[in-house]
Every structure is written in C-alpha cells, then in structure tokens.
Amino acid sequence: MRSDRTFTMIKPDAVAAGHIGAILAKINEAGFRIAAMKYTQITKEQAKKFYEVHKERPFYDELTDFMSSGPIVAAILEKEDAVAAFRKLIGATNPAEADEGTIRKEFAESMSKNAVHGSDSDENACIEGAFYFSATEVI
Ligand code: RTP
Ligand code: MG
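Residues numbered from 1 in each chain as written. Chains lettered and ligands numbered in written order. Predicted model: local features only at pLDDT ≥ 70, side-chain atom pairs only at ≥ 80, totals over all residues.

In the nomenclature of an unreviewed UniProt entry, the protein is known as Nucleoside diphosphate kinase of Marinifilum breve. Per UniProt, the protein has the following entry under Cofactor (unreviewed entry): "Mg(2+)". (UniProt positions renumbered as here; feature names shortened; annotations may be inferred.)

The following block contains the structure:
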C-alpha cells in the first residue's frame with residue numbers, strides 16, 4: 001500500500017461559496033502534487049456508497065444529502081505521508097476546533113458544512129480515489 005497519496009473532495013459548501021481557487025492554492029503551497037482532479041456532482045446513491053462506513057452514524061442521511069446537493073471537486077494528491085500531512089492541513093472536523101491556518105478554520109461553516117474531505121488511512125485513500133478515478137485518469 002503506497003503512503004504518498006491521499007484523496008480529497010472540496011465539498012458543496014466551499015464550491016458554492018467560490019472557494020475552489022483559494023483551497024487549491026493552499027493545497028499547492030503545502031507541497032501536494034495533483035495526480036488526478038475532477039469537477040462533478042454525485043447522486044444520493046453514490047454518496048451513500050462513498051460514506052458506507054458511516055451508515056450507522058446519526059449524521060449519515062444529512063451527510064449524504066449534503067454531499068449530493070451540489071458540485072464538488074474530487075482529487076488525488078501526492079506528498080510524502082500524504083494522509084497525515086493532508087489531515088493536518090485541513091484541520092479538525094469541527095471548524096470551531098480547527099487550528100489557525102488550516103483550510104477548515106478559514107473556509108468551513110460548520111461540522112457538517114466543513115469545506116473539505118481528507119482520507120483517514122492509506123487504504124481508504126486508495127478505495128476513495130478509485131471511487132472517482134479510473135487508473136488511466138491518474139497521472
Ligand atoms: P472527512 O471524512 O469529511 O474528511 O471528515 P472527518 O474524517 O474529519 O470526519 P468523519 O468522522 O469521517 O465524518 C465525515 C463527515 O461527516 C460529517 N459529520 N457530521 N453532525 C455531526 O456530528 C457530524 N459528524 C461528522 C462531517 O462533514 C465530516 O466531515
Ligand atoms: Mg473521515
């Protein structure tokens with residue numbers, strides 16, 4: 001399992017607020033290389049599949065409604081220890097607890113509308129990247 005890749009989505013709240021460019025700039029400045037990128041919108045069914053690990057959680061329905069509510073940017077990013085480095089860059093799930101300088105501190109509205117997703121393990125980064133990109137779409 002490679003450890004230099006993670007998967008991210010710029011979520012519908014941040015896309016709707018016009019933050020795609022600013023968030024990509026922070027990702028660039030932090031030294032991530034973009035290996036794949038797509039502007040797209042997923043259906044409720046696709047969101048339920050993507051977030052299947054959370055299906056027993058109380059926020060599953062709200063989360064999958066939200067993630068299918070508007071366009072997103074999906075991307076595979078490369079950097080050494082990508083998963084941990086990217087989760088540090090995005091900050092805590094709840095923006096009220098996110099450190100200064102993190103993407104969620106700057107751009108997230110709330111716990112549910114929290115601007116970005118970042119994979120939580122190398123294995124999930126691989127699974128989540130494959131959900132959006134075929135092998136030939138990863139450069
Ligand atoms: P993500 O997967 O989006 O990078 O966020 P995360 O690891 O920090 O958080 P996770 O526990 O995986 O939860 C996935 C997303 O579900 C929403 N959530 N809402 N209302 C709530 O209590 C609640 N808890 C989680 C968030 O949008 C979170 O990013
Ligand atoms: Mg997560």
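From this point, the discussion proceeds with the structure in view.
Helix and strand content of the protein: seven helices and four strands. From first element to last, N terminus to C terminus, the protein shows the α and β order β-α-α-β-α-α-β-α-α-β-α. For a compact globule of 139 residues, the expected C-alpha radius of gyration is about 14 Å, and the protein comes in at 14 Å, within 12% of that figure. Of all 139 residues assigned to the protein, the portion counted as buried reaches 33%. (Helix = DSSP H or I, 4+ residues; strand = E, 2+ residues; numbered from the N terminus. Rg over C-alpha atoms; globule rule 2.2 N^0.38 Å. Buried ≥ 20, exposed ≤ 12 C-beta atoms within 10 Å, placed from the backbone.)

This part is about the site of ligand 1. Close to ligand 1 lie Phe-59, Leu-63, Thr-93, Met-111, Ser-112, Asn-114, His-117, Gly-118 and Asp-120, which account for all nearby residues. In the shell around ligand 1, the residues fall into three nonpolar, five polar and one charged. (Near = placed C-beta within 6 Å. Nonpolar A, V, L, I, M, F, W, Y, C, P; charged D, E, K, R; others polar.)

The subject of this paragraph is the UniProt feature "active site" (unreviewed entry) in the protein. The UniProt record annotates "active site" (unreviewed entry) at His-117. In this fold, His-117 is placed in strand β4 (residues 116-118). Here His-117 is in contact with Thr-8, Met-9 and Lys-11, once residues within four sequence places are set aside. (Contact = placed C-beta atoms within 7 Å.)

We now examine the environment of Glu-29. Secondary-structure assignment places Glu-29 in helix α2 (residues 20-29). Judged by the 9 C-beta atoms lying within 10 Å of it, Glu-29 falls in the exposed class. In sequence terms Glu-29 and Asp-81 are 52 residues apart; their C-alpha atoms lie 16 Å from each other.

This paragraph deals with the nonpolar core. Membership of the largest hydrophobic core comes to 26 residues, with the highest contact counts inside it found for Ile-23, Leu-77, Phe-86, Ile-103 and Val-116. Taken together, the elements giving at least two residues each to this core come down to β1 (5-10), α2, β3 (72-78), α5 (82-90), α6 (103-107) and α7 (122-132). Here Ile-103 is in contact with Ile-23, Lys-26, Leu-89, Ile-90, Gly-91, Ala-115 and Val-116, once residues within four sequence places are set aside. (Core = buried A, V, L, I, M, F, W, Y, C linked by C-beta atoms within 7 Å.)

Moving on: the confidence of the model for the protein. Looking at the protein as a whole, the pLDDT averages 98, with 100% of positions reaching at least 70. Confidence estimates for the predicted assembly give a pTM of 0.97 and an ipTM of 0.93. (pLDDT = per-residue confidence, 0-100.)

Note on sheets: strands pair through backbone hydrogen bonds, and any given pair is parallel or antiparallel. The four strands lie next to each other as β2-β3-β1-β4, forming an open sheet whose pairing is antiparallel. Where the open sheet ends on each side, the last strands, each with one partner, are β2 (33-40) and β4. On average, each strand axis in the sheet is tilted by 15° relative to the strand beside it, whichever way the strands run. Bridge count for β1 against β3 is six bridges, and the pairing is antiparallel. Within β3, the position partnered with Ile-10 by the bridge is Val-73. Relative to β1, α5 is tilted by about 30°, and along the sheet it contacts β1, β3 and β4. Contacts between α7 and the sheet are confined to β1, β2 and β3, with β1 contributing the most and set at about 55° to the helix. (Pairing = 2+ DSSP bridges. Axes fitted to C-alpha atoms, helices over the stretch in contact; angles between N-to-C directions.)

What follows concerns the UniProt feature "domain: Nucleoside diphosphate kinase-like" (unreviewed entry) in the protein. As recorded in UniProt, the sites labelled "domain: Nucleoside diphosphate kinase-like" (unreviewed entry) are residues 3-139. Between the end C-alpha atoms of residues 3-139 the distance is 16 Å, and the span holds 40% helix and 18% strand.

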